Amino acid sequence: MENLIVQSDSFDMSTDSIISWLHYLKPDIEIVKLFDEHQIKDITLKLSNNDVMTISINGLNITESDHYWYRRGRYSFDNFLLDATSSEFEKKIAKDNLTTILDFVHNIQFKNGINKYSDNKVDKLKMLNYCRKHSIIIPDTLVTNSIEHVNDFLKKHKRIISKPIQYPIVEFYENQNTFYFATKTHLITKDIIVNFPQKFLPSFFQKYVDKLFEIRSFYLKGNFYSMAIFSQENEKTKIDFRDYDYERPNRIIPFNLPKKIEKKLKKLMEDLNINSGSLDIIYTPQNEFVFLEVNPVGQFQWLSYYCNYFMEREIAKNLSNVK
(Lines give C-alpha, C1' and ligand atoms only; values in the text may rest on other atoms or scores of the structure.)
Protein backbone atom coordinates (compact mmCIF):
# COMPACT_ATOMS: atom_id res chain seq x y z
CA MET A 1 0.00 0.00 0.00
CA GLU A 2 1.30 3.46 -0.93
CA ASN A 3 1.58 6.05 1.79
CA LEU A 4 1.62 9.85 1.85
CA ILE A 5 2.78 12.21 4.58
CA VAL A 6 0.83 15.47 4.72
CA GLN A 7 2.28 18.23 6.90
CA SER A 8 -0.06 21.18 7.39
CA ASP A 9 -2.22 23.24 9.73
CA SER A 10 -5.24 21.45 11.10
CA PHE A 11 -7.59 24.28 10.04
CA ASP A 12 -6.27 24.75 6.48
CA MET A 13 -9.19 24.24 4.07
CA SER A 14 -6.91 23.61 1.09
CA THR A 15 -5.49 20.59 2.90
CA ASP A 16 -8.97 19.20 3.53
CA SER A 17 -9.88 19.56 -0.16
CA ILE A 18 -6.76 17.81 -1.40
CA ILE A 19 -7.08 14.96 1.10
CA SER A 20 -10.66 14.46 -0.15
CA TRP A 21 -9.39 14.29 -3.74
CA LEU A 22 -6.66 11.83 -2.71
CA HIS A 23 -9.23 9.49 -1.16
CA TYR A 24 -11.29 9.73 -4.35
CA LEU A 25 -8.43 9.21 -6.80
CA LYS A 26 -6.60 6.51 -4.83
CA PRO A 27 -8.90 5.08 -2.10
CA ASP A 28 -6.27 2.65 -0.79
CA ILE A 29 -3.55 5.28 -0.17
CA GLU A 30 -2.52 5.60 3.47
CA ILE A 31 -2.33 9.24 4.56
CA VAL A 32 -0.29 10.20 7.62
CA LYS A 33 -1.20 13.68 8.87
CA LEU A 34 1.32 15.82 10.76
CA PHE A 35 -0.67 18.87 11.81
CA ASP A 36 0.38 22.20 13.35
CA GLU A 37 3.49 22.18 15.55
CA HIS A 38 4.70 18.57 15.49
CA GLN A 39 6.83 18.01 18.58
CA ILE A 40 9.86 15.77 18.08
CA LYS A 41 10.33 13.41 21.03
CA ASP A 42 12.57 10.86 19.32
CA ILE A 43 14.71 11.18 16.19
CA THR A 44 17.15 8.93 14.35
CA LEU A 45 19.05 10.00 11.23
CA LYS A 46 21.30 7.61 9.31
CA LEU A 47 23.77 8.55 6.54
CA SER A 48 26.29 6.30 4.81
CA ASN A 49 27.87 5.66 1.42
CA ASN A 50 26.26 2.26 1.09
CA ASP A 51 22.73 2.70 2.41
CA VAL A 52 19.82 5.01 1.62
CA MET A 53 19.52 7.97 3.99
CA THR A 54 16.84 7.43 6.62
CA ILE A 55 15.16 9.86 8.99
CA SER A 56 12.83 8.53 11.67
CA ILE A 57 10.77 10.97 13.77
CA ASN A 58 8.68 9.69 16.68
CA GLY A 59 8.83 6.20 15.18
CA LEU A 60 7.73 7.36 11.70
CA ASN A 61 10.31 6.80 8.95
CA ILE A 62 9.56 9.86 6.81
CA THR A 63 12.15 8.93 4.15
CA GLU A 64 10.27 5.67 3.43
CA SER A 65 7.17 7.61 2.46
CA ASP A 66 6.12 7.22 -1.17
CA HIS A 67 4.88 10.81 -1.30
CA TYR A 68 5.29 13.93 0.85
CA TRP A 69 3.37 17.20 0.75
CA TYR A 70 4.41 20.15 2.85
CA ARG A 71 1.64 22.71 3.15
CA ARG A 72 1.99 24.41 6.55
CA GLY A 73 3.05 23.59 10.12
CA ARG A 74 6.48 22.72 11.44
CA TYR A 75 8.59 20.25 13.39
CA SER A 76 9.73 21.43 16.79
CA PHE A 77 12.33 20.42 19.36
CA ASP A 78 10.88 22.78 21.99
CA ASN A 79 11.94 21.72 25.50
CA PHE A 80 13.55 18.54 24.13
CA LEU A 81 14.91 16.69 27.19
CA LEU A 82 15.07 19.97 29.10
CA ASP A 83 13.18 21.03 32.21
CA ALA A 84 13.03 23.83 34.76
CA THR A 85 16.31 22.67 36.33
CA SER A 86 18.29 23.02 33.06
CA SER A 87 20.85 25.81 33.09
CA GLU A 88 21.04 28.55 30.45
CA PHE A 89 24.31 26.99 29.26
CA GLU A 90 22.62 23.60 28.77
CA LYS A 91 19.77 25.27 26.88
CA LYS A 92 22.23 27.09 24.62
CA ILE A 93 24.13 23.88 23.79
CA ALA A 94 20.87 22.02 23.15
CA LYS A 95 19.51 24.77 20.91
CA ASP A 96 22.67 24.92 18.77
CA ASN A 97 22.73 21.15 18.26
CA LEU A 98 19.01 20.77 17.64
CA THR A 99 18.86 23.72 15.22
CA THR A 100 21.46 22.04 13.01
CA ILE A 101 19.41 18.82 12.90
CA LEU A 102 16.15 20.68 12.33
CA ASP A 103 17.59 22.72 9.46
CA PHE A 104 18.67 19.50 7.77
CA VAL A 105 15.23 17.90 8.16
CA HIS A 106 13.46 21.04 6.95
CA ASN A 107 15.53 21.07 3.75
CA ILE A 108 14.91 17.48 2.70
CA GLN A 109 13.64 17.34 -0.91
CA PHE A 110 11.50 14.25 -1.38
CA LYS A 111 11.62 12.40 -4.70
CA ASN A 112 7.87 12.65 -5.12
CA GLY A 113 7.08 15.63 -2.94
CA ILE A 114 5.66 19.11 -3.14
CA ASN A 115 7.37 21.89 -1.16
CA LYS A 116 9.33 21.69 2.07
CA TYR A 117 9.38 23.70 5.30
CA SER A 118 12.48 25.69 4.32
CA ASP A 119 10.50 27.17 1.39
CA ASN A 120 8.91 29.42 4.03
CA LYS A 121 12.25 31.18 4.35
CA VAL A 122 12.85 31.97 0.69
CA ASP A 123 15.17 34.97 0.49
CA LYS A 124 13.41 37.86 -1.30
CA LEU A 125 16.67 39.62 -2.13
CA LYS A 126 18.17 36.42 -3.54
CA MET A 127 14.93 35.94 -5.48
CA LEU A 128 15.16 39.40 -7.06
CA ASN A 129 18.83 38.87 -7.88
CA TYR A 130 18.00 35.60 -9.66
CA CYS A 131 15.43 37.57 -11.68
CA ARG A 132 18.24 39.82 -12.92
CA LYS A 133 20.17 36.70 -13.91
CA HIS A 134 17.27 35.52 -16.10
CA SER A 135 16.35 38.98 -17.47
CA ILE A 136 13.06 39.05 -15.57
CA ILE A 137 11.97 42.66 -15.04
CA ILE A 138 11.72 43.73 -11.39
CA PRO A 139 10.90 47.09 -9.75
CA ASP A 140 13.85 49.25 -8.69
CA THR A 141 14.53 48.16 -5.12
CA LEU A 142 16.13 49.80 -2.09
CA VAL A 143 17.01 48.34 1.31
CA THR A 144 18.21 50.96 3.74
CA ASN A 145 18.10 52.22 7.31
CA SER A 146 18.68 55.85 6.30
CA ILE A 147 15.98 58.49 5.83
CA GLU A 148 18.30 60.32 3.44
CA HIS A 149 18.37 57.38 1.03
CA VAL A 150 14.59 56.97 1.21
CA ASN A 151 14.14 60.64 0.33
CA ASP A 152 16.49 60.31 -2.64
CA PHE A 153 14.65 57.18 -3.78
CA LEU A 154 11.29 58.97 -3.59
CA LYS A 155 12.61 61.99 -5.50
CA LYS A 156 13.88 59.73 -8.26
CA HIS A 157 10.76 57.57 -8.67
CA LYS A 158 7.98 59.97 -7.50
CA ARG A 159 5.99 57.09 -6.01
CA ILE A 160 7.41 54.26 -3.90
CA ILE A 161 6.04 51.46 -1.74
CA SER A 162 7.25 49.52 1.28
CA LYS A 163 6.50 45.93 2.21
CA PRO A 164 8.03 43.15 4.32
CA ILE A 165 11.42 41.88 3.26
CA GLN A 166 10.32 38.40 4.32
CA TYR A 167 7.10 36.40 4.07
CA PRO A 168 4.28 38.86 4.98
CA ILE A 169 2.54 36.54 7.46
CA VAL A 170 4.39 36.11 10.75
CA GLU A 171 3.59 32.95 12.70
CA PHE A 172 4.59 32.22 16.27
CA TYR A 173 3.66 29.74 18.98
CA GLU A 174 3.04 30.39 22.65
CA ASN A 175 1.38 28.27 25.33
CA GLN A 176 0.28 25.70 22.72
CA ASN A 177 -1.48 28.40 20.70
CA THR A 178 -0.62 29.62 17.20
CA PHE A 179 -0.74 33.34 16.42
CA TYR A 180 -0.55 35.09 13.05
CA PHE A 181 -0.27 38.69 11.96
CA ALA A 182 0.08 40.02 8.44
CA THR A 183 1.48 43.17 6.84
CA LYS A 184 0.49 44.58 3.47
CA THR A 185 2.09 46.81 0.87
CA HIS A 186 1.97 50.53 1.71
CA LEU A 187 2.46 53.62 -0.43
CA ILE A 188 5.21 55.82 1.03
CA THR A 189 4.63 59.56 0.62
CA LYS A 190 6.43 62.71 1.77
CA ASP A 191 3.91 63.08 4.59
CA ILE A 192 4.80 59.64 5.89
CA ILE A 193 8.56 60.13 5.55
CA VAL A 194 8.37 63.26 7.72
CA ASN A 195 7.66 60.98 10.67
CA PHE A 196 10.58 58.64 9.99
CA PRO A 197 13.54 58.77 12.38
CA GLN A 198 16.95 59.48 10.89
CA LYS A 199 17.96 55.85 11.37
CA PHE A 200 15.68 52.81 11.60
CA LEU A 201 15.65 49.05 11.11
CA PRO A 202 16.79 48.29 7.53
CA SER A 203 13.60 48.31 5.48
CA PHE A 204 12.48 47.26 2.02
CA PHE A 205 11.33 49.85 -0.55
CA GLN A 206 10.44 49.57 -4.23
CA LYS A 207 9.42 51.83 -7.08
CA TYR A 208 5.63 51.88 -7.43
CA VAL A 209 4.76 50.18 -10.74
CA ASP A 210 1.70 51.33 -12.68
CA LYS A 211 -0.42 48.45 -13.88
CA LEU A 212 -3.14 47.56 -16.31
CA PHE A 213 -3.81 44.49 -14.18
CA GLU A 214 -2.11 42.09 -11.79
CA ILE A 215 -1.37 38.43 -12.42
CA ARG A 216 -1.41 35.65 -9.85
CA SER A 217 0.15 32.50 -11.25
CA PHE A 218 0.28 29.17 -9.42
CA TYR A 219 3.32 27.08 -10.35
CA LEU A 220 3.33 23.31 -9.94
CA LYS A 221 6.36 21.35 -11.12
CA GLY A 222 6.82 23.13 -14.44
CA ASN A 223 3.20 24.08 -15.13
CA PHE A 224 1.61 27.52 -14.68
CA TYR A 225 -2.03 28.27 -13.82
CA SER A 226 -2.56 32.01 -14.10
CA MET A 227 -5.27 34.60 -13.64
CA ALA A 228 -5.57 38.34 -14.30
CA ILE A 229 -6.84 40.53 -11.45
CA PHE A 230 -8.26 43.92 -12.44
CA SER A 231 -7.42 45.70 -9.21
CA GLN A 232 -6.27 49.02 -10.65
CA GLU A 233 -9.67 50.72 -10.92
CA ASN A 234 -10.50 50.22 -7.25
CA GLU A 235 -8.79 52.63 -4.83
CA LYS A 236 -9.00 50.06 -2.04
CA THR A 237 -7.11 47.38 -4.00
CA LYS A 238 -4.99 49.63 -6.19
CA ILE A 239 -1.83 49.37 -4.08
CA ASP A 240 -2.32 45.78 -2.90
CA PHE A 241 -5.13 43.53 -4.14
CA ARG A 242 -4.91 41.61 -0.86
CA ASP A 243 -6.65 44.61 0.73
CA TYR A 244 -9.85 42.98 -0.51
CA ASP A 245 -13.00 44.91 -1.33
CA TYR A 246 -15.76 42.46 -0.51
CA GLU A 247 -18.52 44.87 -1.52
CA ARG A 248 -17.05 45.52 -4.98
CA PRO A 249 -14.72 42.60 -5.73
CA ASN A 250 -12.09 42.81 -8.45
CA ARG A 251 -12.87 41.20 -11.79
CA ILE A 252 -10.85 37.99 -12.22
CA ILE A 253 -10.33 35.96 -15.42
CA PRO A 254 -8.07 33.08 -16.55
CA PHE A 255 -4.87 34.26 -18.21
CA ASN A 256 -2.04 32.67 -20.21
CA LEU A 257 1.46 34.00 -19.60
CA PRO A 258 3.64 34.19 -22.73
CA LYS A 259 5.77 31.06 -23.09
CA LYS A 260 8.99 33.08 -22.97
CA ILE A 261 7.93 34.53 -19.61
CA GLU A 262 6.99 31.08 -18.28
CA LYS A 263 10.39 29.76 -19.39
CA LYS A 264 12.21 32.47 -17.45
CA LEU A 265 10.03 31.97 -14.37
CA LYS A 266 10.61 28.23 -14.47
CA LYS A 267 14.39 28.85 -14.38
CA LEU A 268 13.84 31.18 -11.43
CA MET A 269 11.93 28.48 -9.51
CA GLU A 270 14.65 25.96 -10.29
CA ASP A 271 17.31 28.34 -8.95
CA LEU A 272 15.26 28.82 -5.79
CA ASN A 273 14.80 25.02 -5.54
CA ILE A 274 11.03 25.45 -5.18
CA ASN A 275 8.69 23.12 -7.09
CA SER A 276 5.42 24.87 -6.23
CA GLY A 277 4.35 28.39 -5.32
CA SER A 278 2.21 31.45 -6.09
CA LEU A 279 3.83 34.19 -8.18
CA ASP A 280 2.73 37.84 -8.23
CA ILE A 281 3.32 39.79 -11.45
CA ILE A 282 2.23 43.20 -12.79
CA TYR A 283 1.31 43.85 -16.41
CA THR A 284 2.10 47.50 -17.12
CA PRO A 285 0.66 50.07 -19.56
CA GLN A 286 3.99 49.68 -21.42
CA ASN A 287 3.15 45.99 -22.03
CA GLU A 288 5.83 44.73 -19.66
CA PHE A 289 5.59 41.85 -17.19
CA VAL A 290 7.12 43.00 -13.89
CA PHE A 291 7.85 40.31 -11.31
CA LEU A 292 7.09 41.09 -7.66
CA GLU A 293 7.57 37.92 -5.62
CA VAL A 294 6.80 34.25 -5.16
CA ASN A 295 5.10 32.78 -2.10
CA PRO A 296 5.91 29.04 -1.95
CA VAL A 297 3.02 28.18 0.40
CA GLY A 298 0.49 30.79 -0.72
CA GLN A 299 -3.24 30.35 -1.14
CA PHE A 300 -4.45 28.83 -4.41
CA GLN A 301 -8.09 27.89 -3.75
CA TRP A 302 -9.53 31.18 -4.99
CA LEU A 303 -7.51 30.94 -8.23
CA SER A 304 -8.73 27.37 -8.63
CA TYR A 305 -12.36 28.32 -7.98
CA TYR A 306 -12.64 31.48 -10.09
CA CYS A 307 -10.71 30.12 -13.08
CA ASN A 308 -11.97 26.52 -13.00
CA TYR A 309 -8.44 25.13 -12.79
CA PHE A 310 -9.37 22.44 -10.22
CA MET A 311 -5.96 22.87 -8.59
CA GLU A 312 -6.89 20.61 -5.69
CA ARG A 313 -7.38 17.75 -8.12
CA GLU A 314 -4.14 18.54 -9.96
CA ILE A 315 -2.12 18.57 -6.72
CA ALA A 316 -3.75 15.33 -5.57
CA LYS A 317 -3.00 13.69 -8.95
CA ASN A 318 0.62 14.78 -8.70
CA LEU A 319 0.99 13.43 -5.17
CA SER A 320 -0.65 10.10 -5.97
CA ASN A 321 0.89 9.60 -9.43
CA VAL A 322 -2.55 9.36 -11.01
CA LYS A 323 -2.60 10.44 -14.67
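Bear in mind that the values here come from a model prediction, so they are computed numbers and not experimental data. (Residues numbered from 1 in each chain as written. Predicted model: local features only at pLDDT ≥ 70, side-chain atom pairs only at ≥ 80, totals over all residues. Heavy atoms only, no water.)

Re the overall build of the protein
Reasoning step 1: In terms of regular secondary structure, the protein is built from 8 helices and 20 strands.
Reasoning step 2: Across the 323 residues of the protein, 46% fall into the buried class.
Reasoning step 3: Excluding contacts between residues fewer than 6 apart, the proportion of contacts in the protein whose partners are at least 24 apart in sequence is 70%.
Reasoning step 4: Of the roughly 18200 Å² of accessible surface on the protein, 51% is carried by carbon and sulfur atoms. (Helix = DSSP H or I, 4+ residues; strand = E, 2+ residues; numbered from the N terminus. Buried < 20%, exposed > 50% of the residue type's maximum accessible area, 1.4 Å probe, protein only. Contact = heavy atoms within 4.5 Å. Areas by Shrake-Rupley, 256 points an atom, 1.4 Å probe, with all protein chains shown as cover.)

Topic: the sheet that holds strand β14 (residues 186–188)
Sheet strands associate in pairs through backbone hydrogen bonding, adopting either a parallel or an antiparallel arrangement.
Reasoning step 1: Pairing within the open sheet is antiparallel, and its 4 strands lie in the order β10-β15-β11-β14. With one partner strand each, in any of the chains shown, β10 (141–146) and β14 form the two edges of the open sheet. Between one strand axis and the next, the sheet turns through 40° on average, direction left out of account.
Reasoning step 2: With 5 bridges connecting them, β10 and strand β15 (residues 199–207) associate as antiparallel partners. Considered in β15, the bridge of S146 is made with K199.
Reasoning step 3: Against the sheet, helix α3 (residues 124–133) makes contact with β10 and β15, and its axis sits at roughly 35° relative to β15, the strand it touches most. (Pairing = 2+ DSSP bridges. Axes fitted to C-alpha atoms, helices over the stretch in contact; angles between N-to-C directions.)

Some details on the sheet that holds strand β5 (residues 54–57)
Reasoning step 1: Spatial ordering of the open sheet is given by β4-β5-β6, a layout of 3 strands whose pairing is antiparallel. Edge positions in the sheet fall to β4 (43–46) and β6 (60–61), since each has one partner strand and no second.
Reasoning step 2: One ladder, built from 2 bridges, connects β5 with β6; its direction is antiparallel. Residue S56 lies in a different strand from β6, and its bridge partner there is N61.

So, the packing of α3 against helix α6 (residues 259–272)
Reasoning step 1: Closest axis-to-axis distance for the α3/α6 pair is 10 Å, and the angle between their directions is 135°. When the axis of α3 is compared with that of α6, the two are oblique. For the element pair α3 and α6, the recorded crossing hand is right-handed. Across the interface between the two elements, M127, Y130, C131 and K133 from α3 touch L268, D271 and L272 from α6. (Parallel < 35°, antiparallel > 145°, perpendicular 65-115°, else oblique. Left-handed = near helix turned anticlockwise from the far one by under 90°.)

Some remarks on the pattern of salt bridges
Reasoning step 1: For the structure shown, the criterion picks out 13 salt bridges.
Reasoning step 2: Residue D271 is joined to K133 by a salt bridge in which the shortest nitrogen-to-oxygen separation is 3.1 Å. Pair noted here: D271 is in helix α6 and K133 is in helix α3, with a separation of 138 residues, a long-range link.
Reasoning step 3: Assessed through its relative accessible area of 52%, K133 is described here as exposed.
Reasoning step 4: Residue E314 is joined to K317 by a salt bridge in which the shortest nitrogen-to-oxygen separation is 3.9 Å. Remark: K317 and E314 occur in helix α8 (residues 311–320); sequence separation between them is 3 residues, near one turn of the helix. (Salt bridge = Lys/Arg side-chain N within 4 Å of Asp/Glu carboxyl O.)

Section: the side chain of K116
Reasoning step 1: Structurally, K116 can be placed in the loop between β9 (113–114) and α3.
Reasoning step 2: A distance of 3.2 Å separates a polar atom in the side chain of K116 from a polar atom in the side chain of Q109.
Reasoning step 3: There is a polar contact of 2.9 Å between the side chain of K116 and the side chain of D119.
Reasoning step 4: Excluding its chain neighbours within four sequence positions, the residues that come into contact with K116 are Y70, H106, N107, I108, Q109 and N273. (Polar contact = N/O pair within 3.5 Å; in protein donor to acceptor, adjacent residues only side chain to side chain.)

Overview of helix α2 (residues 88–106)
Reasoning step 1: Helix length check: α2, at 19 residues, gives a terminal C-alpha distance of 26 Å against a target of 27 Å (1.5 Å per residue), a fit within 8%.
Reasoning step 2: Buried residues of α2: A94, L98, L102, V105 and H106, and no others. Down the axis of α2, the sector holding all buried residues measures 90°, keeping them to one side. Looking at α2, the residues exposed on the side facing more than 90 degrees away from the buried face are F89 and T100.
Reasoning step 3: For α2, the elements touching its buried residues are β4, β5 and β8 (74–76). (Expected span 1.5 Å × (residues − 1). Arc of directions from axis to C-beta.)

Some points on the packing of aromatic side chains
Reasoning step 1: Inspection of every chain in the model, using the stated rule, returns 13 aromatic pairs.
Reasoning step 2: Centroid distance F213 to Y283: 5.0 Å. Interplanar angle 25°. Geometry classified as stacked. Here F213, found in strand β16 (residues 213–220), pairs with Y283, found in strand β19 (residues 276–283); they are 70 residues apart in sequence, far enough to count as distant.
Reasoning step 3: For Y283, a relative accessible area of 15% puts it in the buried group.
Reasoning step 4: For the pair Y225 and Y309, a centre-to-centre distance of 5.7 Å together with 70° between the ring planes defines the contact as edge-to-face. With a gap of 84 residues between them, Y225 in strand β17 (residues 223–230) and Y309 in the loop between α7 (301–307) and α8 connect regions that are remote in the sequence.
Reasoning step 5: One aromatic cluster is present, formed by F213, F230, F255, Y283 and F289 through successive ring pairs.
Reasoning step 6: Note that K124 overlies the ring of F204, its terminal NZ or CZ placed 5.2 Å from the centroid. (Phe/Tyr/Trp six-rings, centres within 6.5 Å; stacked < 30°, edge-to-face > 60°. Lys NZ or Arg CZ within 6 Å of the ring centre and 35° of its normal.)

Some words on empty space enclosed by the protein
Reasoning step 1: One pass over the structure, following the stated rule, counts 4 cavities of 30 Å³ or more.
Reasoning step 2: By volume, the second largest cavity amounts to about 90 Å³.
Reasoning step 3: Contributing to the lining of the second largest cavity are Q7, I62, Y68, Y70, Y75, V105, H106, I108, F110, K116 and Y117.
Reasoning step 4: At the level of secondary structure, the elements contributing two or more residues to the lining of the second largest cavity comprise β7 (67–70) and α2.
Reasoning step 5: Of the residues that constitute the lining of the second largest cavity, the class distribution is 8 nonpolar, 2 polar and 1 charged. (1 Å grid on protein atoms, 1.4 Å probe; cavity = no way out; pocket = protein on both sides within 12 Å on 5 of 7 lines; lining within 4 Å. Points joined across faces, edges and corners; volume = space filled by probe spheres on them. Nonpolar A, V, L, I, M, F, W, Y, C, P; charged D, E, K, R; others polar.)

Geometric values such as these leave the question of function open.
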